[in-house]
Amino acid sequence: DPGADASLCGMAATGASGTNAVRYGTMRPNVLNLRVVLPDGRLLHTAGPGRQPRKRAAGYDLTSLFVGSEGTLGFLTQATLRLHPLPEATAATIASFPSVGAAVACTVQVLQAAVPVARIEFLDEVMADACGRFSGMGLPAAATLLLELHGSRHSLAEQQQQTEEIVRQNGGCGLAWAEGLEEREQLWSMRHNAWYAALALRPGCQVRHKDGDDGGSTQSAVSATALPSLVQGYSTDVCVPISRLPDVVVETKQDLQASGLTGPMVGHVGDGNFHCLLIFNSQDPEEAQRVHAFTQRLGRRALAAGGTCTGEHGVGLGKRALLQEELGQEGLDTLRSIKAALDPHNLMNPGKVL
């Protein structure tokens, strides 16, 4: 379930994911083989020409090397992907909570209870209100979870009951299961339009800007698309171990409020991954500096919790310093050695990642 403007090879190049990742995995475990044009023009099949085994132990894992390489090692021109069967039955719902802490704690408990949830997406109260107004669905301005369950008709009823109990234990309310395709598509369309709903919080916002790469839409990432506007949208993400997610989300929410920034939060919390969509005036140096300082604090907060500075947006230009803190000098030197071996003339996305 990638973003609306994403390409498959772009998703692979940025190591991105979608709302189904909690059940079916991100791009990395779902890519079986890649056809790559190397910087010198040679054609590489990372698992061998025409090969698509479910697992392999033959040499280095070249496929995983290129997944998430952000266009710095070669052009991905073809991807062989793992397929998953469609479920017999599907049900989706929306639950509102008294606080972001309660919503994320519910997420952790659903996962710990081994409910085979397919999607579990988080919106803070600012994002829920923005999405509700933008889509016309009229969500309460409260911390919100969007959940979807997949399974047989018999197992689905049991999963729904178990999920409802955990939601109620965390103060959640508003559960009404949608099983029809049209209702479910309306719910997820609202979620996929979260970026545009966030931009609408400050009228005139026309500029897309991400701290890493482009979330799967391209392998050669562009930091910003300049349009006639003073307001920019800047999207940043981190990923932390599930056990640390409630603390990190609550601390981030407090940081946002203390910083006085417009930054609705949304996330694939079933993976421990969440995003802050920061909307700011690009002509206000003081506000721009607050945005930069916040994103650096967020990245370091994730690292301190044993997580990563980016779960899917990528390193790009904006998180190169954080990457060094995450991997250490030895890790960074190893990446540079790989880059130098494959792209000695630094032709591929120079300056990105390293």
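Within any chain, residue numbers begin from 1 and follow the written order of that chain's sequence. For a predicted model such as this one, the threshold for reporting local features is a pLDDT of at least 70, and the threshold for listing and counting side-chain atom pairs is 80 or more; totals across whole chains, interfaces and linings nevertheless cover every residue. Side-chain measures were taken over the full set of non-hydrogen atoms in the model, leaving aside hydrogen atoms and water.

## Describing the overall build of the protein
Item 1. Secondary structure elements are defined from DSSP: runs of H or I of at least 4 residues count as helices, runs of E of at least 2 residues count as strands, and each element is numbered from the N terminus. A tally of helices and strands in the protein yields twelve helices and eleven strands.
Item 2. Taken over C-alpha atoms, the radius of gyration is set against a globule rule of 2.2 Å times the number of residues to the power 0.38. The C-alpha radius of gyration computed for the protein amounts to 20 Å, which stays within 12% of the reference 20 Å derived for 354 residues, consistent with globular compactness.
Item 3. Structurally, the protein occupies a C-alpha span of about 55 × 55 × 35 Å along its principal axes.
Item 4. Relative accessible area decides the class of each residue, using a 1.4 Å probe on protein chains only: under 20% of the type maximum gives buried, over 50% gives exposed, and in between gives partly exposed. The 354 residues of the protein split such that 51% are buried.
Item 5. Under the convention used here, a 1.4 Å probe and the Shrake-Rupley method define accessible areas, while residue burial counts only the protein chains that appear. Looking at the protein as shown, the accessible area adds up to about 15600 Å², and 53% of this sits on carbon and sulfur atoms.
Item 6. Within this scheme the basic residues Lys and Arg register as positive and the acidic residues Asp and Glu register as negative, but His and the chain ends are omitted. In this description, the location of a charge corresponds to atom NZ of lysine, CZ of arginine, CG of aspartate or CD of glutamate. For the protein, the distance from the average position of its 29 positive side-chain charges to the average position of its 35 negative side-chain charges is 6 Å.

## With respect to the pairing of strand 4 (residues 89-97)
Item 1. With nine of nine residues buried, strand 4 is to be regarded as a mostly interior element.
Item 2. With burial as the criterion, each face of strand 4 is covered, one bearing Ala89, Ala91, Thr93, Ala95 and Phe97 and the other bearing Thr90, Ala92, Ile94 and Ser96.
Item 3. In this description, strands pair whenever DSSP reports at least two bridges between them. With nine bridges connecting them, strand 4 and strand 6 (residues 143-151) associate as antiparallel partners. Paired with Ala91 across the two strands is Leu149, which belongs to strand 6.

## Observations regarding the side chain of Asp124
Item 1. Within the element layout of this structure, Asp124 appears in the loop between strand 5 (117-123) and helix 6 (125-135).
Item 2. Note on Asp124: relative accessible area 0%, which makes it buried.
Item 3. Here the side chain of Asp124 touches Lys253 through a polar contact of 2.8 Å, side chain to side chain.
Item 4. Excluding anything up to four places from it in sequence, Asp124 contacts Val100, Ala142, Ala143, Lys253, Gly263, Pro264 and Met265. The definition of a polar contact used here is a pair of N or O atoms within 3.5 Å, where within protein one atom must be able to donate a hydrogen and the other to accept one, and adjacent residues in sequence count solely through side-chain atom pairs. Two residues qualify as a contact provided that any one of their heavy atoms is within 4.5 Å of a heavy atom in the partner residue.

## Notes on the sheet that holds strand 3 (residues 75-81)
Item 1. In spatial order, the strands read 2-1-3; together these three strands make up an open sheet with antiparallel pairing. Edge positions in the sheet fall to strand 2 (43-45) and strand 3, since each has one partner strand and no second. Taking each pair of neighbouring strands and ignoring which way they run, the sheet shows an average axis angle of 15°. To get an axis, a line is fitted to the C-alpha atoms, and for a helix only the part in contact is used. The angle between two axes follows their N-to-C directions and goes from 0 to 180 degrees.

## Description of the packing of helix 10 (residues 245-259) against helix 11 (residues 285-304)
Item 1. At a closest axis distance of 11 Å, the pairing of helix 10 and helix 11 adopts a crossing angle of 165°. Compared by their axis directions, helix 10 and helix 11 come out roughly antiparallel. Both helix 10 and helix 11 take part in a crossing whose hand is right-handed. Contact residues: helix 10 offers Val248, Glu251, Thr252, Asp255, Leu256 and Ser259, while helix 11 offers Arg290, Phe294, Arg297, Leu298 and Arg301.
Item 2. Partitioning the contact of helix 10 with helix 11 into residue classes produces four nonpolar, two polar and five charged. Oblique is the label for any angle not covered by the other classes, which are roughly parallel (under 35 degrees), roughly antiparallel (over 145) and roughly perpendicular (65 to 115). It is the rotation of the near helix from the far one that decides the hand of a crossing: anticlockwise by less than a right angle makes it left-handed, clockwise makes it right-handed. All residues other than Ala, Val, Leu, Ile, Met, Phe, Trp, Tyr, Cys, Pro, Asp, Glu, Lys and Arg, Gly among them, are scored as polar; the first ten of these are nonpolar and the last four charged.

## Side note on the environment of Pro29
Item 1. With respect to the helices and strands, the residue Pro29 is situated in helix 3 (residues 27-30).
Item 2. With 34 residues separating them in the primary sequence, Pro29 and Thr63 have C-alpha atoms 9.7 Å apart.

## Brief notes about the pattern of salt bridges
Item 1. A side-chain nitrogen of Lys or Arg and a carboxyl oxygen of Asp or Glu constitute a salt bridge if their distance falls within 4 Å. The final tally for this structure, using the stated rule, is 14 salt bridges.
Item 2. Between Glu287 and Arg202 there is a salt bridge, with its nearest N and O atoms 2.8 Å apart. Here the residue Glu287 occupies a position in helix 11, and Arg202 occupies one in the loop between helix 9 (194-199) and strand 7 (207-210), the gap between them amounting to 85 residues.
Item 3. Glu287 sits in the buried class, given a relative accessible area of 7%.
Item 4. Overall, Arg202 belongs to the partly exposed group, its relative accessible area being 23%.
Item 5. Taking the shortest distance from any N to any O, the salt bridge between Glu286 and Arg290 comes out at 2.7 Å. Here Glu286 pairs with Arg290, and both are found in helix 11, just four residues apart, close to one helical turn.
Item 6. A cluster of three or more residues bridged by salt bridges with shared partners is formed by Glu251, Asp255, Arg297 and Arg301.

## Considerations on helix 6
Item 1. Considered for burial, the residues of helix 6 that qualify are Met127, Ala128, Ala130, Cys131 and Gly132.
Item 2. In this structure, the buried residues of helix 6 make contact with strand 5, strand 6, helix 8 (181-192), helix 9, strand 10 (265-268) and strand 11 (273-281).

## Structural notes on the nonpolar core
Item 1. Note on terminology: a nonpolar core comprises buried Ala, Val, Leu, Ile, Met, Phe, Trp, Tyr and Cys residues joined through side-chain atoms within 4.5 Å. Counting residues in each nonpolar core, the largest one holds 41 residues, and the members touching the most others are Phe97, Phe122, Leu145, Val249 and Phe274.
Item 2. Ranked by the residues each element gives to this core, the list is headed by helix 5 (residues 100-112), at six residues.
Item 3. In this entry, domain limits derive from an automatic or database-based domain assignment. If you count residues domain by domain, this core takes at least three from each of domain 2 (89-197) and domain 3 (231-327).
Item 4. Excluding its chain neighbours within four sequence positions, the residues that come into contact with Phe274 are Thr236, Asp237, Val238, Leu245, Val248, Val249, Thr252, Met265, Val266, Gly267 and Leu298.
Item 5. By size, the runner-up hydrophobic cluster in this structure holds 21 residues, among which are Ala92, Leu139, Trp188 and Ala197.

## Remarks on the packing of helix 5 against helix 7 (residues 153-169)
Item 1. Between helix 5 and helix 7, the least distance of the axes is 9 Å, while the angle of their chain directions is 145°. The crossing of helix 5 and helix 7 is right-handed. On helix 7, the residues touching Cys106, Gln109 and Val110 of helix 5 are Ile166, Val167 and Gln169.
Item 2. Grouping the constituent residues of the contact of helix 5 with helix 7 by class yields four nonpolar, two polar and no charged.

## Overview of the environment of Met265
Item 1. Of note, Met265 is situated in strand 10.
Item 2. For Met265, a relative accessible area of 0% corresponds to the buried category.
Item 3. Counting along the chain gives 165 residues from Met265 to Val100, while the straight-line C-alpha distance between them is 9.8 Å.
Item 4. The contacts of Met265, once residues within four sequence positions are left out, are Phe122, Leu123, Asp124, Met127, Val249, Thr252, Lys253, Leu256, Phe274, His275 and Cys276.

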